[in-house]
Amino acid sequence: MKKELLNAFLLSAFGAFVAWLIVDFTRLGMIATGFFVGLIPALIFSTKIQFVTDTKSLKTVEKILFPIVVALIGFEVKIRSITGAPISIWIFLLIMVSLVVLFAWLISRREPIGGFLGIGTAICGNSAVAALGSFCPNRVKEAGIAIGVINILSIAAILVLPFLANLFNLNEAQSGFLAGAGVQAMALALATGKIMGPDAEMWASITKITRVALLSPALLLTFQLMKKDKTGKGKLQIPFYIYIFLGALLLSNLGIIPAEILKTIKIVNEWIFAAVMVAVGLQLTRQSMATSGRNAIFYGVAIWFFQIALILVFLKVFGVFSS
């Protein structure tokens, strides 16, 4: 194992331990605390962290550990809760994703950056941007800028959405739906739901994974808008961790796993998730965030506000999950 990768794992594990030590002080929960344990040193010390490890190694830690987190969350989800949900939420997610992609394309004046920001905001942040980038390899600069903007907005989301949930008096199910539908990055969506309670965490997970599953139709819509920029040969595919999640969900709902084991799995997952969030936070240096242009930030904020407004209207006006 490379020294940088080993250090990245050690930093993430140590950060999770620090998060555990100070969680009672922060009152944010261990996972959200882990994110800030990584973010604050990254912003203060910036490039000095690169003398210990590097962004590529931290990203590798995230890629290795995060599918485990998603799979273990599957053990916490009850099928009865999902099947009892109104079908309107699944229809809404499809409509929301389409409207966000179209809004992003229009507000950016049909520039390629709009395509990247639109699909990144509508679906799953960096992964969706990378998927679109595989079809548009001549737009590396726009993809990089979009990832920078989405990272900034994901940081804002973990702070803003719990405040909005409280402001609009959302219950836990509604709060979880807001987190799952309104946060760009997968890890941060689940972490935001975790802050707002166990039911919120469950619905954040289900909602976000449904959004990720819509990646292929979102890409097809974006391709139609960006025909002249489509030059690569990427593949339409669903991330493999969704299948792992579904397998864990089915296994846990068969009733063959003892409650004590499920409780242990939940505790272990909290530690792994905290380590992932430390790795995510450590990647967000001032240099990586400064690559975002003013126009791109403006477009990104406008697109995200549009998305959050759609979600809040859906929850409050139509009374979804109100009972």
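In the block above lies the structure referred to throughout.
Parameters and conventions
- Residues numbered from 1 in each chain as written.
- Predicted model: local features only at pLDDT ≥ 70, side-chain atom pairs only at ≥ 80, totals over all residues.
- Heavy atoms only, no water.
- Salt bridge = Lys/Arg side-chain N within 4 Å of Asp/Glu carboxyl O.
- Helix = DSSP H or I, 4+ residues; strand = E, 2+ residues; numbered from the N terminus.
- Buried < 20%, exposed > 50% of the residue type's maximum accessible area, 1.4 Å probe, protein only.
- Phe/Tyr/Trp six-rings, centres within 6.5 Å; stacked < 30°, edge-to-face > 60°.
- Core = buried A, V, L, I, M, F, W, Y, C linked by side-chain atoms within 4.5 Å.
- Contact = heavy atoms within 4.5 Å.

*Asks:* How would you summarise the pattern of salt bridges if you had to cite specific residues and measurements?
*Replies:* Applying the stated criterion to the full structure yields two salt bridges. Of the charged contacts, one joins E62 and K59 as a salt bridge, the two residues approaching to 3.3 Å between their closest N and O atoms. Linking E62 with K59, this pair stays in helix α3 (residues 55-74), spanning three residues, or about one helical turn. For K59, a relative accessible area of 25% puts it in the partly exposed group. Across the salt bridge formed by K194 and E201, the nearest N and O atoms sit 3.6 Å from each other. The exposure class assigned to E201 is buried, which follows from its relative accessible area of 5%.

*Asks:* Any chance you could break down the packing of aromatic side chains for me, citing the residues and the numbers?
*Replies:* All told, the structure shown has 14 aromatic pairs when counted by the stated rule. With a centroid separation of 4.2 Å and an interplanar angle of 10 degrees, the aromatic rings of F103 and F306 are classed as stacked. Residue F103 is located in helix α5 (residues 88-107), and its partner F306 is located in helix α16 (residues 294-317); the two are separated by 203 residues in the primary sequence. Using a relative accessible area of 24% as the deciding quantity, one classes F103 as partly exposed. In this structure F306 comes out as partly exposed when scored by relative accessible area, which is 24%. Pairing F314 with F318 gives two aromatic rings, centres 6.3 Å apart and planes at 45 degrees, and the pair type is tilted. Clustering of aromatic rings is evident, with ring pairs tying together W90, F92, F177, W203, F314, F318 and F321.

*Asks:* An account of the nonpolar core is needed here, citing residue identities and associated values.
*Replies:* In terms of nonpolar packing, the biggest core is built from 117 residues, with F35, I123, F177 and F273 touching the most fellow members. For F177, the residues in contact, after removing those within four places along its chain, are I89, F92, L93, W203, T207, I311, F314, L315 and F321.

Honestly, it's all geometry; don't read function into it.
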